[in-house]
Amino acid sequence: MKHCSDVQIGQIVKVLKGKDAGSFYVIIEIIDDKFVMIVDGAKRKFDQPKRKNIQHLELQPIISSEVVHSLQESGRVTNAKLRHAVIAYVESANINAEKKGD
């Protein structure tokens with residue numbers, strides 16, 4: 001069971017259920033203890049976030065400081081920054097997986 005305190009704005013998540021299963025997103029808003037708003041800057045732009053049940057997400061151990069900083073400063077994040085955060089995490093995760101496989 002995941003608790004709201006575990007979820008943070010700017011955190012990278014992997015979708016486990018639904019048509020986006022397997023995709024990575026960034027949390028930009030916490031609605032309540034069950035739901036968050038997620039975006040990736042590509043399929044889901046900042047202006048049209050997806051409301052998602054926390055139980056359908058796998059929280060990743062990474063929080064994008066760029067996203068958090070932008071939201072604190074201006075209340076917005078550019079889609080380019082969101083895409084960069086997701087791509088950077090996926091690439092680093094792939095590199096780590098390859099190292100473990102050696």
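Coordinates for the structure precede this section.
Since this is a predicted model, take the numbers as computed values, not measurements.

(A) Just the packing of aromatic side chains, in detail. Counted under the stated rule, the structure contains one aromatic pair. Above the ring of phenylalanine 35, the side-chain terminus of arginine 51 is found at 3.8 Å from the ring centroid.

(B) Expanded view of helix H1 (residues 65-74). Taken as a whole, H1 has its buried residues at Val67, Ser70 and Leu71. Viewed end-on, H1 has its buried residues packed into an arc of 95°, placing them on one side of the element. In this structure, H1 carries Ser65, Gln72 and Glu73 as exposed residues pointing more than 90 degrees from its buried face. Backbone geometry just after H1 places glycine 75 at a positive phi near 80°.

(C) Up close: the nonpolar core. Ranked by internal contacts, the top residues of the largest apolar core, which has 14 residues, are Val26, Ile28, Val67 and Leu82. The dominant element in this core, judged by the number of residues it contributes, is helix H2 (residues 79-101), at four residues. Among residues more than four places away in sequence, those in contact with valine 67 are Gly10, Val26, Val77, Leu82 and Ala85. Val15, Val36, Ile54 and Leu57 belong to the second largest nonpolar core, which has nine residues in total.

(D) Broad picture of the sheet that holds strand S3 (residues 35-39). Spatial ordering of the open sheet is given by S4-S3-S2-S1-S5, a layout of five strands whose pairing is antiparallel. The outermost strands of the open sheet, each flanked by one partner alone, are strand S4 (50-53) and strand S5 (57-63). Strand-to-strand twist across the sheet, computed as the mean angle between neighbouring axes with direction ignored, equals 45°. Pairing of strand S1 (residues 11-15) with S5 involves four bridges; the strand directions are antiparallel. Along S5, the bridge assignment pairs valine 15 with leucine 57.

Rules used in this analysis
- Within every chain, residues take consecutive numbers counted from 1 along the sequence as written.
- pLDDT decides what is reported in this predicted model: residues at 70 or higher carry local features, side-chain atom pairs at 80 or more are listed and counted, and totals for whole chains, interfaces and linings draw on all residues regardless.
- The basis for every side-chain value is the complete set of heavy atoms in the structure, and neither hydrogens nor water enter the calculation.
- Each aromatic pair joins two rings of Phe, Tyr and Trp (for Trp, the six-membered one) with centres within 6.5 Å, and gets the label stacked for planes under 30 degrees apart, edge-to-face for over 60, and tilted for any other angle.
- Consider the ring centre and the ring normal. A charge sits over the ring if Lys NZ or Arg CZ is within 6 Å of that centre and within 35 degrees of that normal.
- For every residue, the accessible area (1.4 Å probe, protein chains only) is compared with the maximum for its type, and the residue is labelled buried under 20%, exposed over 50%, or partly exposed between those bounds.
- Secondary structure elements follow DSSP: runs of H or I no shorter than four residues count as helices, runs of E no shorter than two count as strands, and numbering proceeds from the N terminus.
- Directions drawn from the helix axis to the C-beta atoms are what define this arc.
- Nonpolar cores are built from buried Ala, Val, Leu, Ile, Met, Phe, Trp, Tyr and Cys residues. Side-chain atoms within 4.5 Å join them into one set.
- Here a residue-residue contact requires only that any non-hydrogen atoms of the pair lie within 4.5 Å.
- The pairing criterion for strands is at least two bridges between them, as found by DSSP.
- Here an angle of 0 to 180 degrees is reported between the N-to-C directions of two axes, which are lines fitted to C-alpha atoms, with helices fitted over the stretch in contact.

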